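Per-entry structural report
For reference, the chains in residue letters:
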Amino acid sequence: MNDITAAWATALQLIAAFDPQLTDIVALSMEVSVTAVVLAALIGLPLGAALAVVRFPGRKIVVVALNALMGLPPVVVGLLVYLLLSRAGPLGELGLLFTPGAMVVAQTVLCAPIMAALSRQVLEDAWREYEEQLRSLGAGAARAALTLLWDVRFSLVTIVLAGFGRAAAEVGAVMIVGGNIDGVTRVMTTTIALETSKGDLPLALGLGMILLGIVLGVNALAQLVRDAASRRYG
Amino acid sequence: MLPLVLDKVAYAIRDHAIIDDVSFEITAGPRTVILGPNGAGKSVLMRLCHGLLQPTAGAIRWMGSRNGRGRQAMVFQRPVMLRRSARGNITYGLALAGVSPRERRLRAQDVLEAVGLAHVADKPARVLSGGEQQRLALARAWALGPEVLFLDEPTANLDPGATREVESLIGQIHAGGTKIIMTTHNLGQARRLGDEILFMHGGRLAERAPVATFFAQPASHEAAAFIKGEMPWQ
Amino acid sequence: MAITGRIGAVLAMLAVSLGIATVQAAERYITVASTTSTEQSGLFKHLLPAFESKTGIQVRVVAVGTGQALDMARRGDADVVFVHDQQAEEKFLGEGYGVKRFDVMYNDFVLVGPKSDPAKIAGGKDIVAALKNIAAGKSPFASRGDKSGTHAAELRLWKMAGIDPAAGKGSWYRETGSGMGPTLNTASAMNAYALTDRGTWLSFKNRGELGIVVEGDQRLFNQYGVMLVNPAKHPHVKKELGQQFVDWLISPEGQKTIADYKINGEQLFFANAKRS
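Residues numbered from 1 in each chain as written. Chains lettered and ligands numbered in written order. Predicted model: local features only at pLDDT ≥ 70, side-chain atom pairs only at ≥ 80, totals over all residues. Heavy atoms only, no water.

What about helix α5 (residues 160-175) of chain B?
Residues and elements named next belong to chain B. The first and last C-alpha atoms of α5 sit 23 Å apart over 16 residues, in line with the 22 Å expected at 1.5 Å per residue. Every buried residue belonging to α5 is among A162, T163, V166, E167, L169, I170 and I173, and all of these are buried. The buried residues of α5 occupy one face: seen down the axis, they fall within an arc of 160 degrees. Within α5, the exposed residues directed more than 90 degrees away from the buried face are P160, R164 and A175. Contacts from the buried residues of α5 go to α3 (101-114), α4 (130-143), β6 (148-152), β7 (179-184) and α6 (187-193). (Helix = DSSP H or I, 4+ residues; strand = E, 2+ residues; numbered from the N terminus. Expected span 1.5 Å × (residues − 1). Buried < 20%, exposed > 50% of the residue type's maximum accessible area, 1.4 Å probe, protein only. Arc of directions from axis to C-beta. Contact = heavy atoms within 4.5 Å.)

Some thoughts on the sheet that holds strand β2 (residues 16-26) of chain B
Residues and elements named next belong to chain B. As summarised here, the arrangement of the 3 strands in space is β2-β1-β4, forming an open sheet in which the pairing is antiparallel. One side of each edge strand has no neighbouring strand; the edge strands of this open sheet are β2 and β4 (57-62). The mean inter-strand angle of the sheet, taken between neighbouring strand axes irrespective of direction, is 20 degrees. (Pairing = 2+ DSSP bridges. Axes fitted to C-alpha atoms, helices over the stretch in contact; angles between N-to-C directions.)

Details of the nonpolar core
Grouped together as the largest cluster of nonpolar side chains are 64 residues, with contacts concentrated most on L134 of chain A together with I90, L136, L138, L149, L151 and I170 of chain B. A per-element tally of this core places helix α5 (residues 100-137) of chain A first, with 9 residues. In this structure I170 of chain B touches L138, L151, P154, I180, M182 and L193 of chain B, once residues within four positions along its chain are discounted. Counting 37 residues, the second-largest nonpolar core is a separate cluster that includes L28 of chain A together with V62, Y97 and V229 of chain C. (Core = buried A, V, L, I, M, F, W, Y, C linked by side-chain atoms within 4.5 Å.)

Some points on the interface of chain A and chain B
Each partner contributes residues to the interface: chain A has 20 residues there, and chain B has 20 residues. Contact with chain B buries area across many residues of chain A, yet E132, Q133 and L137 of chain A alone supply 30% of it, more than any other trio. Inspection of the chain A/chain B interface yields 2 salt bridges. R126 of chain B is paired through a salt bridge with E129 of chain A; the nearest N and O atoms lie 3.1 Å apart. The set of elements that each furnish at least two residues to the side of chain A that touches chain B consists of α5, α6 (141-151), α7 (153-169) and α10 (201-233) of chain A. The greatest single-element share of the side of chain A that touches chain B, amounting to 8 residues, is contributed by α5 of chain A. (Buried area = accessible area lost by both parts, 1.4 Å probe. Salt bridge = Lys/Arg side-chain N within 4 Å of Asp/Glu carboxyl O.)

Here's the deal with the pattern of salt bridges
On inspection of all chains with the given rule, the structure shows 36 salt bridges over all chains. In this structure, E95 of chain C engages K91 of chain C in a salt bridge whose closest nitrogen and oxygen atoms are separated by 3.3 Å. E95 of chain C sits in the partly exposed class, given a relative accessible area of 31%. Salt bridges here are not isolated pairs; linked through shared partners, they connect D182 and R186 of chain A together with E39 and K45 of chain C.

Okay, here's the thing in structure tokens:
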């Protein structure tokens, strides 16, 4: 229990002091994860919509594969992206390894399947309701997919949040492709891992509590948005 | 685009025939009501005519060719409203039809006034009452200026007041030159709104007659039993 | 419509992020592959600002195990490699991946163990004898087991003692497969002996019942070497900037900065670059 009380104290001290190193680390964490979530949504949501609306041979296999990819271990993704971006690898020329860009790539790969698989489910349910009317009005598959995405936009908020939670919480991928470089690619989760391995448990826990606080805050905000929206739009 | 010709059309799911060997020709002018007990295949027949389903046998031809589909619209038993304003639902259909933005707003306004919903034009469509939503669905279809309007049990879920309003609007749309093809299992409504009756039973066209003849002297005993109220479903 | 505005905002954000990445690429910086124990000793926080303010070159240290650091350099993902396993470094050089190896500094390893000292070796000055006692008594021992410089040194000492610790794997000899800190965490929790570099030990805060039991043996000295990754093998290596770093480390100024690094008044690293 001692360590946990010490952790609270450390966390509050850090926040109150507006420690510049801490703010840099938090800012970088948010930048990387938010960018990754946005990119993953741009890839995953249209993919989910396409899968919901278009029937093609082998569709069931793609759906199953996508659902399975939601459980990709972050450290495996990190390793694969590392091999891709390493100078010895196919995309080495980009010089992305050990930069925030690489971290964004890895987290996008992690989150895109989540966005696609979960949105497919939501959109498939919606399509069942909307299909006849939209086709009657003359909407083609692409137009229908976009219309569906817009109509279920509030359910999509939950999905995007799930992706953000995954990105903000993972350490395996960003550690490997970012290198945890002080001042450059050090984010909240890798700092927690580092402080733990240095035996500074109160500091690690303190940072963990800050991270939890942020994720909680984001979720609370999203809930407020959803409630307000459902009251207005029905 | 009329006449609409069905030539030995059948629709079966896994060897179970829902529509079997139906042939008829529908011309412009009279309001056609497809009558029959529940399970007779009325809704499936409508969807085949409108193009939402493809026949498993036989052919459906508009104006002699299979591709002369022209401008059609359909109103379903349950209105499907998009998560946007009442006006937005109408302009959506017009945008799909390629109408210019300015023209969209004008037409939407006209049709909203015609159905008595101008005062809720900017309210979210999904918070409207059942009757209001069905009138909005009619408005959405009417705004497209269809040559043929399909209606599938349009008042089955409405109270008598809303039913009267919808029936009155259908009359106005017909007066404007649109061909009405409607299904119902409500005898009174068929009498009020129909000029000719197509009586369906067991997936087949059992009888066809002008409305007065049909109710005075039904030719088939299935029709006779139905009119007497002895066969609400099969 | 609203959708195009949304897409525009997202594309702007993308452009900004890529812009950030490109700007960082344009900065003067080198990537140095080094070890977790060196980073965790806190040396870099003390050393690098001096170099950076003098030359304006940012040094980005990726701290992994020695084996991994050398592999990183083999793949061309680092410009300079700064580790502490002379045998592995010579092999690296022999394979043609390094330009030249320079001694930089040494620190020492210490054997830590629980207050209860089941192997009765506390206060000793002979590491080989101590290890023999530990093996004989099957006292719990936590090893890094991760191909690091520390791990390699540990295995050499076992060999000197004529013991094959693999025999004890799973019972008294526990391989954590991780860095120095996590291994010490494990040793602390298990009340086990462990070999650690003094730097990590001095900064380590989760000691539990552990304390230093054996130190000072010559065989516990840990030599650090620095090499520029060979541009002949990897043309993109920043050879001018990297060479500046190598030169600075072995220069009198760099050497003094290294020697000045202290934790609680105690010096951690002893600069020993050869004057050429």
